[in-house]
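Remarks on the overall topology
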Amino acid sequence: MTMNESTMQKAAIESPQGQMVVVEDDDEISLLDLAIVLAKFKKLILGLPVLVGALTVGATLLMTPIFTATTAILPPQQSQSTASALLGQLGGLAGIAGAAAGIKNPSDLYVGMLKSRTVADAMIARFDLVNYYEDEFAEDARKSLENVSSFTAGKDGIITISVDDKDPELAAKMANAYVEELNRLTEVLAVTEASQKRLFFERQMVDARDRLVAAEIEARSAMERGGLASIDAQGQAMIEVTARLRGQISVKEVEIGAMRAFAAEENPRLKAAQQELLALQTELARIEGASALRDTQVGGESSAAATNLQLLRNVKYYETLYQMLAQQFELAKIEEAKDSALIQVLDTAIPPERKSKPKRALIVILAVLAAGFVAVLIAFMKEAAQRAAEDPESAERMQLFKKYMSWRA
């Protein structure tokens, strides 16, 4: 096989006259052919990237340098404090608020708060960003602030706040201001476990107090109508026991209802709580059975005494429940006070000394590479066009292509 035959394939086809004609297939291009084309258009391939690189360097020198200031904070962690342990010793309501509304990842919550419109509006008003960014409306200023602000929650729980600006001093002030605005917002919202517990116990305590007042009014009205019949020591003891059991049952029912918000039915803690509730209900049923028998005996002697027993049971029940919630509410307030320092600043933002944008070297390198690719593409297109012009058949097809591409066609 000759050198020409090694670089060209030959195919035999049948002509219209029935004769075999050998047609050379020169579609296959060797590496030497590619090198020849690159050498032929070396000025274009080398010159265009150099020109584009020079222009890009000039353009990047005209760009305004941007500085990035960064601060790192550590949000409150979901851990059981001493006050929580004391609450757990007092009753079943201790872990309800934190467990029912507990946050799996506190960092995500605080990142969401930093991205809120409330914090953005506070930042806009604090630094007059509508005029600074030359925006017409506050909504446009929010978008501008969002474009220059970055909030990242790491796997270690640390939140990083970054702000970009042409003024390094302002960038640092804005990054630190985000922390201050977040602190203000957390003072208003109950985002910590202690705050949630305090609000939960406060609502339950207010409800128990209202019910206690209503029961006392009803008992007082009964006394004013006909007087309160005397109740012996055994009746007083049964009232005490019944009220305590009813209070514990109410506490356990609220606890189970709260646990169902985050725990599956097969959860061991939920099952244990359900068993404790069943035991309390069984004990109450036994006590109330004995109490009902005694009420029947007392009722035979005086219906007023039986009525008084029921009224006193209600008063004692709500009084016990109110006292229990009041104790836990006070301890929740202590725990919330201990968690008053909500945000811990690990690194305060300082004015950056080096710019972060634009990355001139990276921009120039990418521009030169893109220009080199375009130059090679243009070189091969010009070579293909020259070969097509030398081939009559290809030239005719090219003219036909130009004709159809024209708007006049």
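Reading guide: rules and limits
- Residues numbered from 1 in each chain as written.
- Predicted model: local features only at pLDDT ≥ 70, side-chain atom pairs only at ≥ 80, totals over all residues.
- Heavy atoms only, no water.
- Helix = DSSP H or I, 4+ residues; strand = E, 2+ residues; numbered from the N terminus.
- Buried < 20%, exposed > 50% of the residue type's maximum accessible area, 1.4 Å probe, protein only.
- Pairing = 2+ DSSP bridges.
- Salt bridge = Lys/Arg side-chain N within 4 Å of Asp/Glu carboxyl O.
- Axes fitted to C-alpha atoms, helices over the stretch in contact; angles between N-to-C directions.
- Contact = heavy atoms within 4.5 Å.
- Polar contact = N/O pair within 3.5 Å; in protein donor to acceptor, adjacent residues only side chain to side chain.
- Core = buried A, V, L, I, M, F, W, Y, C linked by side-chain atoms within 4.5 Å.
- pLDDT = per-residue confidence, 0-100.
- Lys, Arg positive; Asp, Glu negative; His and termini not counted.

Re unusual backbone geometry
For the bond running from Lys-357 to Pro-358, omega is -10°, close enough to zero to count as cis. Relative to the assigned elements, Pro-358 resides in the loop between strand E6 (344–347) and helix H15 (360–390). Of note in this structure, Asp-128 is not a glycine but carries a positive phi near 50°. The topology assignment puts Asp-128 in the loop between helix H7 (117–127) and helix H8 (129–132). Despite not being glycine, Glu-134 has its phi angle at roughly 55°, a positive value.

A closer look at the pairing of strand E5 (residues 159–165)
The element E5 is extensively covered by neighbouring structure, given that six of its seven residues are classed as buried. In terms of strand pairing, strand E3 (residues 67–74) meets E5 through seven bridges, oriented antiparallel. Directly across from Ala-69, in E5, lies its bridge partner Val-163. Relative to E5, strand E4 (residues 149–153) runs antiparallel, the two sharing five bridges. Bridge pairing in E5 places Thr-152 opposite Thr-160.

Comments concerning the pattern of salt bridges
Within this structure, the stated rule accounts for nine salt bridges. Across the pair Arg-126 and Glu-181 runs a salt bridge whose closest N-O atoms are separated by 3.3 Å. Of this pair, Arg-126 sits in helix H7 while Glu-181 sits in helix H10 (residues 168–188); the two residues are 55 residues apart in sequence, bridging distant segments of the chain. Looking at Arg-126, the relative accessible area reads 38%, which means it is partly exposed. Glu-181 is the partner of Arg-184 in a salt bridge, and the nearest nitrogen-oxygen pair spans 2.9 Å. Here Arg-184 and its partner Glu-181 are both found in helix H10, three residues apart, which amounts to about one turn of the helix. Linked through salt bridges whose partners overlap, the residues forming this network are Arg-126, Glu-180, Glu-181 and Arg-184.

Let's talk about the sheet that holds E6
Here we have four strands laid out as an open sheet, ordered E4-E5-E3-E6, and antiparallel in their pairing. Because the sheet does not close on itself, it has two edges, and the strands there are E4 and E6. Taken over all neighbouring pairs, the strand axes of this sheet differ in orientation by 25° on average, direction set aside. Lying over the sheet, helix H9 (residues 138–148) contacts E4 and E5, oriented at roughly 50° with respect to E4. Each of E3, E4, E5 and E6 touches H10; the most contacted strand, E3, lies at about 25° to it.

Looking at the side chain of Thr-60
For Thr-60, the position within the fold is in helix H3 (residues 42–62). A residue is classified by how much of its surface remains accessible, and Thr-60, at 1% relative accessible area, is buried. Within the local environment of Thr-60, its side chain forms a polar contact with the backbone oxygen of Val-57, the two atoms lying 2.8 Å apart. In contact with Thr-60, other than residues within four places in its own chain, are Pro-358, Arg-360 and Ile-363.

Structural notes on the nonpolar core
The biggest cluster of nonpolar side chains holds 32 residues, and the ones touching the most others in it are Met-123, Leu-145, Ile-161, Met-174 and Tyr-178. Elements with a contribution of two residues or more to this core: E3, helix H6 (106–114), H7, H9, E5 and H10. Considering each element in turn, this core owes the most residues, ten residues, to H10. In contact with Ile-161, not counting residues within four places along its chain, are Ala-69, Thr-70, Thr-71, Ile-73, Leu-114, Ser-150, Phe-151, Ala-175, Tyr-178 and Val-179. Judged by nonpolar contacts, the second largest core, of 18 residues, contains Met-205, Ala-215, Val-315 and Leu-325.

Re the environment of Ile-365
With respect to the helices and strands, the residue Ile-365 is situated in helix H15. In this structure, the C-alpha to C-alpha distance between Ile-365 and Val-57, residues 308 residues apart in sequence, is 9.9 Å.

Examining the confidence of the model for the protein
Any segment with low pLDDT has predicted coordinates that should not be analysed in fine detail. In the predicted model, the protein carries a mean pLDDT of 75, and the fraction of residues at 70 or more is 71%. The model gives residues 1–27 a pLDDT under 50, and that stretch makes 24 contacts with residues more than four places away or in other chains. Below a pLDDT of 50 lies the segment residues 79–103, which in the model reaches 53 contacts outside its immediate sequence neighbourhood of four places, other chains included.

Structural notes on the side chain of Asp-165
By the element assignment, Asp-165 lies in strand E5. One buried charge, Asp-165, has no salt-bridge partner; the nearest side chain with opposite charge is Lys-166, at 6.6 Å. Here Tyr-132 takes part through its side chain, which lies 2.7 Å from a polar atom of the side chain of Asp-165. A polar contact of 2.9 Å, which involves the side chain of Asp-165, links it to the backbone nitrogen of Asp-167. When neighbours within four sequence positions are excluded, Asp-165 is seen to be in contact with Ile-66, Phe-67, Tyr-132, Tyr-133, Leu-170 and Ala-171.

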